[in-house]
Structure formats: C-alpha cells, structure tokens
Amino acid sequence: MFHVLEKRIAAALGSRIQELYGIGTLVQTEQPKQASFGEIAVPAAFQLARELKKAPRAIAQELLAGAGAIEGVAALETAGNGYLNVRLDRGYYGANLLEGAQEDCAARGGKIIVEHTNINPNKAAHIGHLRNAILGDTFVRMLRSTGHQVEVQNYIDNTGVQVADVVVGFLHPEIFLLPEKEQPFDYLCWDLYAAVSSYYEDHKEALEWRRNTLHAIEAGHGAQAEKAHEVSDRIVHAHLATMWRLNVTYDVLPRESEILHLKFWATAFELLRQRKAIYLETDGKNKGCWVMPGSAFREGGGDEGEDSKVIVRSNGTVTYVGKDIAYQLWKFGLLGKDFHYRQWHTYPDGRVVWSTTDEPQEELQRYGRGSKVYNVIDSRQSYLQDVVVAGLRALGFERQADASIHFSYEMVALTPRTCVDLGIQLSDEDKQRTYVEVSGRKGLGVKADDLIDKLTERALEEVTSRHAEEPEESRREAAAKIAVGALRYFMLKYTRNSVIAFDLSEALSFEGETGPYVQYSAVRARNILRKLEERGESLPDFSAELSREAMARQLDNEGCWQLLLAASKAGSAVERAVTSGEPSHVARYAFQLAQSFSNFYHEYPVLTETDREKKTFLLWMTDYFRAQLERTLDVLGIQVPEYM
RNA sequence: GCGCCCGUAGCUCAGUUGGAUAGAGCGUCUGGCUACGAACCAGAAGGUCGGGUGUUCGAAUCACUCCGGGCGCACCA
C-alpha cells in the first residue's frame, strides 16, 4: 500500500513538473526523518533548482500552488528550504489496508535464474556455505514475493580435485585410517579430505594418485570413478538434508559430469574460437594454451600475455573458467544444447529436485533459458566472474553479459575467541586479529549441522524453561524453528560486502536484534488472538465494523498511526531490497516491524479495552501486524513457532 | 606492483544511492512482571563518520590524496 502511494505521488508531481517547466524527470520520494514532517517527502525542488536557476523554496511553492488533489493525500506543504511534504489521508489509508488493496504483483519479465550454494561435494557444509545458501535462498524468496519467476540452480562440481582427494583417501586405507566411531558420511569425508591434503604437503609423490583419480573420473569408468560417484552423490544428499533444515531448497542440480559428457565445453570452445574470443598462445609462459587476452576483462590491460587468462591448458584440458563460460552460455540458452533431467530427490513436502543426466529420459523437463542470471558467489571469485562475463561479451552476447550478475558477498571468518572455544590452535599474530579465515582444506571451521544442533539445544533449553508441560516432540519442533530463525537472521542482518566475524556466543544469543526477537513478536500477536477465542469471543468482521470514518477516528491517535504506517511498509521494504540487491534490508525491516509491534503491545492493551470501536480497531491492528510479520518472516525463510 | 572491499558510539553493524537534529543491537547505568508471556519495554550516558583537500544550496555518502586493515591477481576449483 505504501509504495502504491509513493508511486502515485511521484507520478502526480512528475506530470506537474512536466506541465510547469517542460522537464521530464523521475521524481524521487523519501521518508522524512521526523514523523512531524508527514509521511512522504519529495526533494524534487532541489534537483530542479540547478536547471531552473531558481531557489528551491520558490520552486516548491510553485509546484504546490496549482497541484490538484491526489487520491489518498490529505495535504501537501512546503517545508525547510525546499521540501514538499505529504500528509496522507489516514482514514483512506486504513480503509485500503483493511480491504487488502491489491499490491500490483503482475508477473514481470522473463525467468530469472539464481545459482547458489555450489558446495564441493566432498565434505560437510560449513558456516561459509551457509551464508551463500541463506543469502541466495532469501534473494529467491524476495524475487518470488515481488512477482518474478525464478529457477534455483545448485551447481555440483562432482569431477573436481576435491572429490578426487577424498577418493584417494578411501582407496588408501593403509595410510588414511577410518575412525572407529560411527559418524555421518559427510563428517567422515571432512576429516579424510583434511588428512589427504596435509599428507600431500610432505609427500609430493602422492599427488600422482590425485592425477590418476582425476583421469579416471573424467574417463568415467573404473573403481576410482565409481567411488567418486558414490562420494559426491552421498555428499549431495547430505547437503540437501542440511539445507532442508534451514528451509533452503533447489529446483535443479546441474552437474559438471554432464557438462563434460555432453560435450558442452566442445561447443563453447568452437564458438569462442570462431569468434576469436580466445587464441592459441605461441610464445611465453602460456605457450601452447588457448587464452583470453587480458584486455577483454581488465581495463587497459596493455601487456599482452602478461595478464591473459588460460582457458585451455597446454595438455588440452579445460580450466574452471572455461567450463563456467559453457555453463553460463547454457543458462541463457545460447549453447544450442541441453541436458537431460531425472528426478534426484523428493523433499518431505513432496517437491522434487531434478538433476542433470547424460541419458535421454522419458519424462521431459526443461531448465535454463533465463533472461537474467544471478550467480551467488564469494567476492573472492570476482576476478573469475569478470572473465566469464568477458567471455559472453567477446562472443557478442552483450545483452546477456549485462544480465549476468555476480551476486557477491564477503566471507565468513571466525573470531579468535570462537577459535579458542573450538580448540583451534592460533598463532600469536592471529590472536591479535579481529577475525581468522576458515579453511575447509585444513579442516578448520564450524560445520553447518553442528551449529544448527547447538542452536537447537540452546533454543530447547529456553523453550523448556517456559513450557515444561509441553511434550518433548512439540518443544523440539519449536526449538528447531527458533534455531533456524536465529541462524538465518544472523547471516542476513549484515550487508553483503561486510565480512562476518562469526562469534559463537553472539550467534547463540536470542535477544536484541535477532531472529527469535522477531519470531517472538509474531507469537505474541497470535497469542492475543488466541486468548480472545479462549475468552469465548470471536474475531469481529473488521470490514463490516470498521468504517472509513471509524478508521480515521482511531488513526487520529498519532501513536497508532505511526505504528500502522510502519507495519504497512513491508511491501516497499522488500521492493527496495530487490532493487538494491540487498537481503539485509528485509532483515532490518523485519526487526523494525517487530519493534513497532512490541511498542504497540505495551502501549495498547487489546483484550481489556472497553470501548467497542477501539477494541475492534486494536484487534484489527493486531491481526494486521501478525500478517505483516508472518509475511516478512516468510521472505526471510523463517517460520513462526506455536509458542516459544 | 595492479585490481576489488572495508574504516561511523567501548564492541558488532545500519544509514533508503547527495538531503532536514548521524541510527540500531550488545555492553554499562536507572526503572518496570499479580502475564494480551520480561526471548519484552521505558529512560540515561556514549560520535571530529580514519586524516586532509576539493566538487555545491547541502557530503558519512561523490572526486583526488594520504594512513590503517582485508581479499584477489595459477596451465587449483
């Protein structure tokens, strides 16, 4: 509702400017710092001042003078030295919210592809991966809630060295002892991978095992290839299970093995070669390689050969970037080829994740052909992402290059204190830092499932301390939702390019700006409504009992009005977060919304209210807050427990 | 050396793309449960927005520069 009015006001003033000065501009609106200034502020006069060579204040007055009435606006006034402030018609606003004024949610644009998670299928997921998945999944929810069609892809690199190293571990039990105790497969691989990696340090000759294994995997047969398949398949299932705990799901898993077997790369290579995006280097350190010149992806890349990027190695194998270019081309439907698809996994709610396969299937399924592609990838890979986009550009796919977005984010590191808690040895230098980088290769880091388990136990303690009478299963269910709320909110409250220094005790906190705080507000809103039923009363028919006049009367109360206004901004908050590509905006809004509700909760006793109209109004406010809280939490992928 | 990111309250971070008196959470200090649940609320203290120069009606935000920190710059993924 709020952004409908924002747009309406911008449009009205835009045409007013057009008729007065003959200038077509996009009128910006903002929200005043102080509530006393009104609900919407328009700084347009400042922008016009330069062009018109007039004082902003005078322009604002001219704009105001002949402006006609705008639906839903009670008053326009000038303020400061050129602001136009808007006061909304409160009765109109409330009545429209009550009727659930349709947010214009018409499906828009083409399909958007979001690729996220992309964890190497060779070990358990850790907190760094969680940031990727939660960021990606939340962005998907944001897009879907604003009417976009989205396809979620999780790329599986099942033929890389990481998998090979774990296979090496399994095939050399005489060196890499498997632990006696039972533990999940992905945990076992975590240790195995670290062990193999560190073994290479002192036994360079062992790298030959890795090379052999890689060759076998590419060839696609033999014991090593079989083991590689087994490892990556089992790990992918483990990852899907971990992500499911966090309400993160996927539509399709494109796999590297099919990119190889279906010769996607060969097709891409032909394109790149024909259009001269890459060339065969005949000299220098890259002699014998197919390279992309540095000038393609770096500004002023002058030194030929010095900064060019190898796409095909001198031994004829393709690099990661090369495969990624082929994959990116496929995402846009530019390769002229497609995968076959088979059902890979069914979620507990019945939805199905599909995987690519190289064998034709009876059941036809189509993926790819997006009009816009978001790749959720660590900012450390921005250089490689630039090369991929440059590849598209060099092929002449300008539009698709522009529509390829590296949705980057900074890494998750650990605070030194948390390292100590986890028993990780630190150098004196590291102890002085504010954070320490995790390393999957060394086996340092916090496993995702361990963290979720820890959070769940913490939440269970809290729940049990308040609801010992409830059955354990029910308490566990609530605790799981709280844990997920805490974790998702924690990963989302930071802006994307801020490094998260992960602190265990901070993450385990459920007070202040946290997911559980927001969940708690929603629970309390529900409780009021439930208590109403328990008292033998029922929810009034709001639209019958609350006339526009009644709404205006009640909203004349400044406190109520400000609270309702804040609650009504959910749509515009998500909208803004989508355009700025910043999920943290939604998280921040959710927190503010919860704060507003807390204020409401303490300020206005609902059930004991004696004035009938006011009580009806307060019940409506409660229900509206509940709906907005649930809606916003849903965008964040956070559920509301029955009690907490 | 080159490129990207960061520097805002004691700590961790926001700041609607250049706007009105710079905001939260944590921590500290004062108060508030006989419950629409205190995982909460009310209040207080706490700032030279890393330093400097510039751009203009107006700068935490843009440009230049210096200082401090991080991450990239493979025939690894």
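For the structure itself, consult the block above.
The paragraphs below set out a description of the structure included in this document. (Residues numbered from 1 in each chain as written. Chains lettered and ligands numbered in written order. Predicted model: local features only at pLDDT ≥ 70, side-chain atom pairs only at ≥ 80, totals over all residues. Heavy atoms only, no water.)

### Comments concerning the protein's contact with RNA strand B
Not every one of the 69 residues close to RNA strand B is listed here, only the nearest: Tyr83, Asp157, Arg313, Thr495 and Tyr520. Among the atoms of RNA strand B lying within 4 Å of the protein, the sugar-phosphate backbone contributes 63%. In this structure, a base oxygen belonging to RNA strand B sits 2.3 Å away from a side-chain N or O atom of His467. Between RNA strand B and the protein, one listed contact pairs a base nitrogen with a backbone N or O atom of Tyr604 at 2.5 Å. (Near = heavy atom within 4 Å. Polar contact = N/O pair within 3.5 Å; in protein donor to acceptor, adjacent residues only side chain to side chain.)

### Structural notes on unusual backbone geometry
The phi dihedral of Asn247 is positive, around 65 degrees, even though this residue is not glycine. Among the structural elements, Asn247 can be located in the loop between α9 (223–245) and β6 (252–253). Backbone geometry places Lys276, a non-glycine residue, at a positive phi of 60 degrees. Take Lys276: it is sitting in the loop between α11 (264–274) and β7 (279–280). (Helix = DSSP H or I, 4+ residues; strand = E, 2+ residues; numbered from the N terminus.)

### Overview of the pattern of salt bridges
This model, assessed by the stated rule, comprises 42 salt bridges. Of the charged contacts in the structure, one is a salt bridge between Arg245 and Asp453, with a shortest N-O distance of 2.8 Å. Here the residue Arg245 occupies a position in helix α9, and Asp453 occupies one in helix α17 (residues 448–466), the gap between them amounting to 208 residues. Look at Arg245 and you get partly exposed, because its relative accessible area is 31%. The closest approach of N and O atoms between Glu534 and Arg530, which form a salt bridge, is 3.6 Å. Taken together, the residues span about one helical turn, with Glu534 and Arg530 both in helix α20 (residues 515–534) at a distance of four residues. With relative accessibility at 39%, the residue Arg530 sits in the partly exposed group. Each of Asp137, Arg141, Arg488 and Asp634 takes part in salt bridges that share partners, so that together they form one network. (Salt bridge = Lys/Arg side-chain N within 4 Å of Asp/Glu carboxyl O. Buried < 20%, exposed > 50% of the residue type's maximum accessible area, 1.4 Å probe, protein only.)

### Examining the environment of Leu563
If you trace the backbone, Leu563 turns up in helix α23 (residues 558–567). Ignoring anything within four residues of it in the chain, the contact list for Leu563 reads Ser596, Asn599, Phe600, Tyr604, Met621 and Phe625. (Contact = heavy atoms within 4.5 Å.)

### Some details on the pairing of strand β3 (residues 83–88)
In this sheet, β3 lies alongside strand β1 (residues 40–42) in antiparallel orientation, the contact comprising three bridges. Residue pairing across strands places Ile40 opposite Val86, the latter belonging to β3. Of the pairings in the sheet, the one linking strand β2 (residues 73–79) to β3 comprises six bridges and is antiparallel in character. From the neighbouring strand, Ala79 faces β3, where its bridge partner is Tyr83. Hairpin geometry of β2 and β3 is characterised by an intervening segment of three residues between the two adjacent antiparallel strands and by a positive phi of about 55 degrees at Gly80. (Pairing = 2+ DSSP bridges.)

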